[in-house]
Amino acid sequence: MTRIDAHQHFWTYSPSTFDWIDPDSVLARDFSPADLMPLLDGAAIDGCIAVQARQSEAETNWLLGLAAAHPRIMGVVGWIDLRAGDIAKRLETWSGSPKLAGFRHIVQDEPDDDFLLTPDFVRGVRASVERGFSYDILVKPRQAIHVRRFCDLVAAGRSTAPRLILDHGAKPDIAHGGWQPWADAIADMAQVPSLYCKISGLVTEADHATWTADQIARYLDHLLACFGPDRLIFGSDWPVCRLAAEYRQVVDLIDGFVTRACPEARDAIFGGNARAAYGV
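I will try to describe carefully the structure that is included in this document. Quantities reported herein were computed from a predicted structural model and do not represent experimental measurements.

As enumerated under the stated definition, the model contains 16 aromatic pairs in all. Site record: aromatic cluster; members linked through ring pairs are Phe-10, Trp-11, Tyr-13, Phe-18, Trp-20, Phe-31 and Trp-238. Lying across the ring of Phe-31, Arg-29 places its NZ or CZ 4.1 Å from the centre. Above the ring of Trp-179, the side-chain terminus of Arg-218 is found at 3.7 Å from the ring centroid.

Following this line, the structure appears as structure tokens:
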């Protein structure tokens, strides 16, 4: 089975473009495929999915250029203005891009907690999935309560289920032991059979300096209980994970969880489910 890291980023850093990055942090530098490939080798990961970090169609083009030059970038989750009135026309321009798996919007930063349910946005996501693209859902717990309804709206009237992927397990507040409303929202949204869940980005939701595998285990166990092993997907969230852990530590965290909780699903979580979710 091909082992896939289904969530990582590349960027050319500038303080103005990436104003969410502290200029003194380990993230305040360029991160390129040349930086990632040795890390993949060291963890026996065969390929990756590159995910947008800027809300710009230029970013989508840039990532597709990297993917064309580096075969181990198996797919790209880009950005497009899903609320645009001419969304159908915009999507047509991407239809011939073999490595463009889907799109993502940084909903977690939207001030409106109901953003997922706004009609223009739902219309845009419906248009994209109708053309065979996946959609990555990036939300925080206060927004996660709307994911089930959002999925239902996107899927309404379709003969085939859309490929939808929840990023970072909806970002539970592990650092403060937060549980509700996150836990109930996860149980609710997991009833959507076509929704996958990335077990990624969890170390940065824990205390960056003091996190332990035991602290994160409760959240991983809940995600497994709700989604089952056939819909969980490994992702590193590199280089953002470096705020709390290096690449191999993240791989070892999820590998240890799989060994303990669902060893028979190793191939699925570390590759098979990503292939199904992204069509790569």
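Picking up after the structure, the text goes on.
A word on the state of the cysteines. The term disulfide refers to a covalent linkage connecting the sulfur atoms of a pair of cysteines. Taken as a whole and judged by the stated rule, the model has zero disulfides. Left without a disulfide partner, Cys-197 is nearest to the cysteine sulfur of Cys-226, which lies 9.2 Å away. Given a relative accessible area of 0%, Cys-197 falls into the buried group. Of all cysteine sulfurs, the one in Cys-48 lies closest to Cys-241, which takes part in no disulfide; the gap is 13 Å. Cys-241 sits in the buried class, given a relative accessible area of 1%.

The next thing to look at is empty space enclosed by the protein. With the rule as written, the count across this model stands at one cavity of 30 Å³ or more. Approximately 60 Å³ is the volume found for the largest cavity. Lining the largest cavity we find Ile-199, Ser-200, Gly-201, Leu-202, Val-203, Ser-236, Val-250, Leu-253 and Ile-254. Considering each element in turn, the lining of the largest cavity owes the most residues, three residues, to helix α9 (residues 247-261). Grouping the amino acids of the lining of the largest cavity by side-chain chemistry returns six nonpolar, three polar and no charged.

This part takes up the sheet that holds strand β6 (residues 164-166). Taken in spatial order, the eight strands make up an open sheet running β1-β2-β3-β4-β5-β6-β7-β8, and their pairing is parallel. Two strands in the sheet have a free side with no partner beyond their single neighbour: β1 (4-8) and β8 (232-234). Looking at each pair of strands side by side, their axes are set apart by 25° on average, direction ignored. As defined by bridge partners, strand β2 (residues 47-51) adjoins strand β3 (residues 73-78) across four bridges and the pair is classed as parallel. Bridge assignment links Ala-50 to a residue of β3, and that residue is Val-76. Along the sheet, helix α6 (residues 147-155) makes contact with β5 (134-137), β6 and β7 (195-199), crossing β5 at roughly 165°.

Within the secondary structure layout, Gln-52 lies in the loop between β2 and α2 (57-69). With relative accessibility at 0%, the residue Gln-52 sits in the buried group. Apart from residues no more than four positions distant in its own chain, Gln-52 is found in contact with His-9, Glu-59, Leu-63, Val-77, Gly-78, Trp-79, Arg-104 and Ile-106.

For the rest of this paragraph, the subject is the nonpolar core. Counting residues in hydrophobic clusters, the biggest one holds 87 residues, and the most contacted among them are Ile-137, Phe-150, Leu-166, Leu-195 and Phe-227. When residues in this core are grouped by element, the largest group, seven residues, is from α9. Those residues in contact with Leu-166 that lie beyond four places of it in its chain are Ile-137, Val-139, Ile-186, Met-189, Leu-195, Tyr-196, Cys-197, Lys-198 and Phe-227. Ile-4, Val-51, Ala-101 and Ile-233 belong to the second largest nonpolar core, which has 13 residues in total.

For helix α10 (residues 266-278), with 13 residues, the first-to-last C-alpha span of 18 Å sits near the 18 Å given by 1.5 Å per residue. For α10, the principal kink sits at Gly-272 and spans about 45°. Within the sequence span of α10, burial applies to Ala-268, Ile-269, Phe-270, Gly-271, Asn-273, Ala-274, Ala-277 and Tyr-278. Gly-279 occupies a position one or two residues after α10 and carries a positive phi of about 65°.

Scoring rules and cut-offs
Residues numbered from 1 in each chain as written. Predicted model: local features only at pLDDT ≥ 70, side-chain atom pairs only at ≥ 80, totals over all residues. Heavy atoms only, no water. Phe/Tyr/Trp six-rings, centres within 6.5 Å; stacked < 30°, edge-to-face > 60°. Lys NZ or Arg CZ within 6 Å of the ring centre and 35° of its normal. Disulfide = S-S within 2.5 Å. Buried < 20%, exposed > 50% of the residue type's maximum accessible area, 1.4 Å probe, protein only. 1 Å grid on protein atoms, 1.4 Å probe; cavity = no way out; pocket = protein on both sides within 12 Å on 5 of 7 lines; lining within 4 Å. Points joined across faces, edges and corners; volume = space filled by probe spheres on them. Helix = DSSP H or I, 4+ residues; strand = E, 2+ residues; numbered from the N terminus. Nonpolar A, V, L, I, M, F, W, Y, C, P; charged D, E, K, R; others polar. Pairing = 2+ DSSP bridges. Axes fitted to C-alpha atoms, helices over the stretch in contact; angles between N-to-C directions. Contact = heavy atoms within 4.5 Å. Core = buried A, V, L, I, M, F, W, Y, C linked by side-chain atoms within 4.5 Å. Expected span 1.5 Å × (residues − 1). Bend = angle between axes of the 7 residues up to and from the residue.

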